[in-house]
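Residues per chain are reported as follows:
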Amino acid sequence: MTSRLEPAFSQQQDLIYQSGASGTDVVVFIDYTEPRVKRMRGVIGRSAERFRKLDVSLAYRLTPSPERGEPAVLAARAAIAAARQGRFTAMHDALFDNEPDFTLESVRAIAEQMHLDLERFEADMFDDLTDEQLDQYRRSASASVDASYTPMLFINGIHYVDSWDDSAILDAVRGSLGSRLSLASTRFFDWAASASLVLLLATAAAFAVVNFGPREWYEHIREAALVLSVSGVTYLDVSFETIVNDGLMALFFLVVGIEIKREFVSGELADPSTAVLPILGAIGGMAVPALLYSSINAAGPAAHGWGVPIATDIAFVLGILALLGDRVPASLKVFISALAIADDIGAIVIIALFYGHGFDASMFAAGAAVCVVMFAMNLARIYSMAPYMILGVILWYFILQSGVHATLAGVLTAFAIPSRPSAQTAAVAAQASSILDYELKSARATASTASVLRLQRAIDRLREPGFHLQYALQNWNSYLILPLFAFVNMGIVVVGTRVDLLADEVIGTVLGLALGKPLGICLAVLIAVKTGLGRLSSDVTGFQLAGAASLAGIGFTMSIFIASAAFEGTQLQAVKIAVLIGSALSAFAGIAMLTAASARTSVPRLVRG
């Protein structure tokens with residue numbers, strides 16, 4: 001995670017090792033007694049020489065570790081006291097040159113060798129100003145990153161998270177183009193709303209092209225065909241739109257499936273006592289919109305579109321919750337995240353069962369056989385990803401040809417990927433330390449290939465196999481697949497065409513998302529709480545629950561996905577507009593309620609179970 005230095009670099013508050021006039025500053029958090037800090041001293045020392053040539057300021061903040069005890073605190077106090085006499089740089093170097101088992105006598109001896117005023121030195125070590133300065137450094141470490149440790153390095157106030165290599169650090173300090181691009185991309189990807197923003201831009205681009213630009217070019221791209229034939233036999237003949245909706249979106253559902261599985265194995269849905277409320281909320285949030293839509297479209301030509309308003313776009317919901325920050329209780333964020341996961345399960349089942357096209361039993365049977373092989377591999381504890389990915393592609397083909405929606409293949413593949421308990425951190429740390437200690441003792445300047453591979457395998461064991469696959473695909477999903485899906489499917493022609501915005505399917509979709517979704521969630525939660533089936537956190541008010549439930553009405557990606565499977569032509573265009581309207585109303589209502597709730601001093605609460 002990219003984090004900012006809090007508070008920012010200060011010539012008055014920081015311990016200045018060397019001062020520069022270039023406007024670039026480097027701040028390092030250290031503990032003089034930590035072995036890993038002493039190991040990094042060479043890197044920082046070599047970099048300091050280069051910083052001096054670049055006129056860069058280098059400063060330190062001291063965070064003595066409680067585990068290192070009194071020696072760590074004494075060393076930090078000695079550095080601060082020496083700085084009061086303008087000798088921080090010399091004391092800093094001397095502390096590193098001595099053994100880390102510091103005592104009052106040993107730091108006094110160092111000060112004496114430096115010809116410091118010993119009486120003043122000892123008084124400064126233990127006065128209130130030094131206590132306050134150490135407290136400030138500790139608070140700074142905690143405020144600047146999620147998990148503070150030493151050494152930590154900040155360049156121009158940004159947490160440096162790349163390799164602690166001389167050249168890499170120097171590139172970041174110089175602000176090379178590659179370094180700036182890497183930092184900018186990392187900060188953008190870490191921004192909670194970035195994926196939602198890209199999705200909105202893709203939607204706006206599609207809308208602009210078909211209404212004010214080269215519509216023929218847009219349609220040509222959507223209809224461009226991919227044909228796979230061997231010896232005159234055609235095995236695959238699909239359009240680019242199908243490749244995106246049935247192919248790339250299978251990868252999206254693969255990631256969703258991995259997340260769902262993790263939630264049930266070790267996440268918020270693993271404990272039945274905490275899972276029951278979001279699951280019931282999700283059921284209510286799917287049932288009421290479907291019933292509301294069906295009541296408006298009963299026996300009509302659009303009755304089969306009842307699945308459109310049932311879905312929640314988890315990316316948008318979590319992005320908005322993140323932007324609202326402290327206005328939303330942490331327990332409510334957890335609840336709505338678990339609810340959205342459960343909602344995804346329902347949407348996936350409904351897509352697979354009700355929105356396929358035709359049915360080929362032989363192809364479906366072949367897909368089932370592939371599934372059996374994959375789950376047999378799971379039982380055999382085969383953890384390599386390659387066999388699952390190869391079989392997943394084969395499964396996707398059979399599911400596509402069977403008439404069941406091909407995205408089901410992504411979910412089945414995710415469920416087939418085996419889970420296993422993550423390795424204990426202490427064990428992996430010991431193994432990694434052993435590997436690196438061996439490399440440090442060797443005469444090689446860089447680590448051997450064998451050691452690098454062993455280290456990689458050790459680190460990979462810290463998380464389950466599905467985590468690594470999800471991490472590899474996450475950004476591709478958020479910043480390529482979903483925007484492509486939006487671009488291909490949101491080319492809604494409004495200019496020069498007649499779209500009936502008062503059609504039953506439009507009204508049913510808008511009301512289902514904006515009204516049915518929050519109503520279903522709140523009713524289900526209220527019934528569960530009053531009957532004792534579930535408990536709502538005491539720091540969540542009924543008004544806040546209603547606001548979060550309104551956000552769940554943002555259907556967008558999933559609703560458009562179902563709409564594309566359920567409708568065609570102008571009817572599809574109208575339902576897509578309805579999804580946008582319903583999602584926008586849900587977003588505005590949810591944001592308004594959660595913002596208002598955070599400003600209220602007292603709000604009626606639900607009866608607690």
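Basis of the calculations
- Residues numbered from 1 in each chain as written.
- Predicted model: local features only at pLDDT ≥ 70, side-chain atom pairs only at ≥ 80, totals over all residues.
- Heavy atoms only, no water.
- Core = buried A, V, L, I, M, F, W, Y, C linked by side-chain atoms within 4.5 Å.
- Buried < 20%, exposed > 50% of the residue type's maximum accessible area, 1.4 Å probe, protein only.
- Helix = DSSP H or I, 4+ residues; strand = E, 2+ residues; numbered from the N terminus.
- Contact = heavy atoms within 4.5 Å.
- Patch = residues over 30% accessible without salt bridge, like charges linked within 9 Å, V, L, I, M, F, W, Y side chains within 5 Å.
- Areas by Shrake-Rupley, 256 points an atom, 1.4 Å probe, with all protein chains shown as cover.
- Salt bridge = Lys/Arg side-chain N within 4 Å of Asp/Glu carboxyl O.
- Pairing = 2+ DSSP bridges.
- Axes fitted to C-alpha atoms, helices over the stretch in contact; angles between N-to-C directions.
- Expected span 1.5 Å × (residues − 1).
- Phe/Tyr/Trp six-rings, centres within 6.5 Å; stacked < 30°, edge-to-face > 60°.
- Parallel < 35°, antiparallel > 145°, perpendicular 65-115°, else oblique.
- Nonpolar A, V, L, I, M, F, W, Y, C, P; charged D, E, K, R; others polar.
- Left-handed = near helix turned anticlockwise from the far one by under 90°.

A closer look at the nonpolar core
The biggest cluster of nonpolar side chains holds 104 residues, and the ones touching the most others in it are Met249, Phe252, Phe253, Phe335, Ile554 and Phe567. With twelve residues, the single largest contributor to this core is helix H14 (residues 330–354). Setting aside chain neighbours within four positions, we find phenylalanine 335 in contact with Leu277, Pro278, Val525 and Leu545. Within the second largest apolar cluster, 46 residues are counted, among which are Ile44, Ala75, Ile169 and Val173.

A closer look at a nonpolar patch on the surface
The grouping of Leu511, Leu515, Leu519, Leu523 and Ile527 at the surface amounts to a nonpolar patch, some 420 Å² of accessible area in total. Tracing the sequence through the fold places leucine 519 in helix H21 (residues 504–530).

Let's talk about the side chain of glutamate 439
Inspection of the secondary structure puts glutamate 439 in helix H18 (residues 425–441). Here glutamate 439 is in contact with Arg444, Thr446, Ala447, Ser448 and Ser451, once residues within four sequence places are set aside.

What about the sheet that holds strand E2 (residues 25–30)?
What the five strands build is an open sheet, ordered E1-E3-E2-E4-E5; its pairing is mixed. Looking at which strands have only one partner, the edges of the open sheet turn out to be strand E1 (15–18) and strand E5 (158–159). Of the pairings in the sheet, the one linking E1 to strand E3 (residues 57–62) comprises three bridges and is antiparallel in character. Opposite isoleucine 16, over in E3, you have alanine 59 as the bridge partner. The sheet contacts of helix H6 (residues 128–144) involve E1, E2, E3 and strand E4 (152–155), and relative to E3 the element is tilted by about 100 degrees.

Quick look at the pattern of salt bridges
Here the idea is simple: oppositely charged side chains can pair when their charged atoms come close. Scanning the entire structure with this criterion turns up 14 salt bridges. Counted as one network, the salt bridges with shared partners bring together Arg84, Arg120, Asp124 and Asp127.

Focus on helix H9 (residues 194–212)
Its 19 residues place the ends of H9 26 Å apart at the C-alpha level, agreeing with the 27 Å of an ideal helix rising 1.5 Å per residue. For H9, the complete set of buried residues consists of Ser194, Ala195, Ser196, Val198, Leu199, Ala202, Thr203, Ala206, Val209, Val210 and Asn211.

Let's talk about the packing of aromatic side chains
Considering all chains together, one arrives at twelve aromatic pairs under this definition. Judged by centre distance (6.1 Å) and plane angle (50 degrees), the rings of tyrosine 60 and phenylalanine 88 are tilted. Taken together, the positions of tyrosine 60 in strand E3 and phenylalanine 88 in helix H3 (residues 88–97) put the pair 28 residues apart, joining distant regions of the chain. Exposure remark for tyrosine 60: the relative accessible area of 4% places this residue in the buried category.

Details of the environment of threonine 203
Take threonine 203: it is sitting in helix H9. Residue classification places threonine 203 among the buried residues on the basis of a relative accessible area of 8%. Along the sequence, threonine 203 and tryptophan 306 sit 103 residues apart, while their C-alpha atoms lie 23 Å from each other. Among all residues touching threonine 203, those that are not within four sequence positions of it are Ala486, Met490 and Phe556.

Digging into the packing of helix H13 (residues 314–324) against H14
Where H13 meets H14, the axes come as close as 10 Å, and the angle between the chain directions of the two elements is 175 degrees. By the angle between their axes, H13 is roughly antiparallel relative to H14. Between H13 and H14, the residues in contact are Ile314, Val317, Leu318 and Leu321 and Lys333, Ile336, Ser337, Ala340, Ile341 and Asp344, respectively. Across the contact of H13 with H14, the residue classes break down as seven nonpolar, one polar and two charged.

Points about the packing of helix H2 (residues 70–84) against helix H5 (residues 118–125)
Running from N to C, H2 and H5 point in directions that differ by 125 degrees, and their axes come no closer than 8 Å. Considering their axes alone, H2 and H5 lie oblique with respect to each other. As H2 packs across H5, the resulting crossing turns out to be right-handed. Of H5, the residues touching H2 (which contributes Leu74, Arg77, Ala78, Ala81, Ala82 and Arg84) are Arg120, Phe121, Asp124 and Met125. Among the residues making up the contact of H2 with H5, the classes are represented as six nonpolar, no polar and four charged.

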